[in-house]
Amino acid sequence: MGICIGLEKAFDCAQEINIYNQGECSTYGCGEPVFNSVLNGFKEMIDGAHEMPAFGVSINNLTMEARSEGLWVEFAFDKTYESNGMPYEKLLIEVRQGYQGFNINRYNSQYGYDGRCFYYDLVNKNMDKFYNILINI
């Protein structure tokens, strides 16, 4: 059982942000300028978004394979958190231009990325601005 927290507030508790670009990982710790820029850009993007049931589930092997291509951001925590009854230690998101909603894959050390996801509908917005923040780091 993890620390219960609303999903939109959980991102503020991240201790690291990992950015995967074509499988290459860059890690930024809490308080670093890049960490703050990414977190602020993400929070701006989800401002006004609707959390909804996810369209599917994550399968660890497929998620790890997919993460080796494209642009992904991962929020890593130093504790287990729980939102809507679903625990996680990391949250992984694929970032693509034009996307108006996205799945949030949950990671925990027992199952990896296997299991139900969260989903955000960006409501009349898309990921373009956040994508540009990440791609220009």
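In case you missed it, the structure is sitting above this.
First, a word on what this report is: a plain description of the structure on this page. (Residues numbered from 1 in each chain as written. Predicted model: local features only at pLDDT ≥ 70, side-chain atom pairs only at ≥ 80, totals over all residues. Heavy atoms only, no water.)

## Here's the deal with the overall build of the protein
On a plain count of helices and strands, the protein comes out with four helices and eight strands. Along the chain direction, N to C, the helices and strands of the protein fall in the order β-α-β-β-α-β-α-β-β-β-β-α. Its C-alpha radius of gyration of 14 Å places the protein within 12% of the 14 Å reference for a compact globule of 137 residues. Taken over the C-alpha atoms alone, the protein extends approximately 35 × 30 × 30 Å along its principal axes. Within the protein, the proportion of its 137 residues that are buried is 42%. Partitioning the intrachain contacts of the protein with sequence separation of at least 6 by distance along the chain shows that 61% fall at a separation of at least 24. Counting only carbon and sulfur atoms, one obtains 46% of the accessible surface of the protein, whose full area is about 7,200 Å². (Helix = DSSP H or I, 4+ residues; strand = E, 2+ residues; numbered from the N terminus. Rg over C-alpha atoms; globule rule 2.2 N^0.38 Å. Buried < 20%, exposed > 50% of the residue type's maximum accessible area, 1.4 Å probe, protein only. Contact = heavy atoms within 4.5 Å. Areas by Shrake-Rupley, 256 points an atom, 1.4 Å probe, with all protein chains shown as cover.)

## Looking at the side chain of Thr63
Here Thr63 shows up in helix H3 (residues 60–66). For Thr63, a relative accessible area of 7% gives the class buried. The residues contacting Thr63, other than those within four sequence positions of it, are Ser58, Leu92, Asn105 and Tyr113.

## Some remarks on helix H2 (residues 33–46)
Residues three or four positions apart in an α-helix share a direction because the helix packs 3.6 residues into each turn. Under the 1.5 Å per step criterion, the end-to-end length of H2 is 20 Å for 14 residues, consistent within 8% with the ideal 20 Å. What H2 keeps buried is the set Phe35, Val38, Leu39, Gly41, Phe42, Met45 and Ile46. Take H2 and look down its axis: the buried residues cluster within an arc of 165 degrees, on one side only. Looking one or two residues beyond H2, the residue adopting positive phi is Gly48, at roughly 85 degrees. (Expected span 1.5 Å × (residues − 1). Arc of directions from axis to C-beta.)

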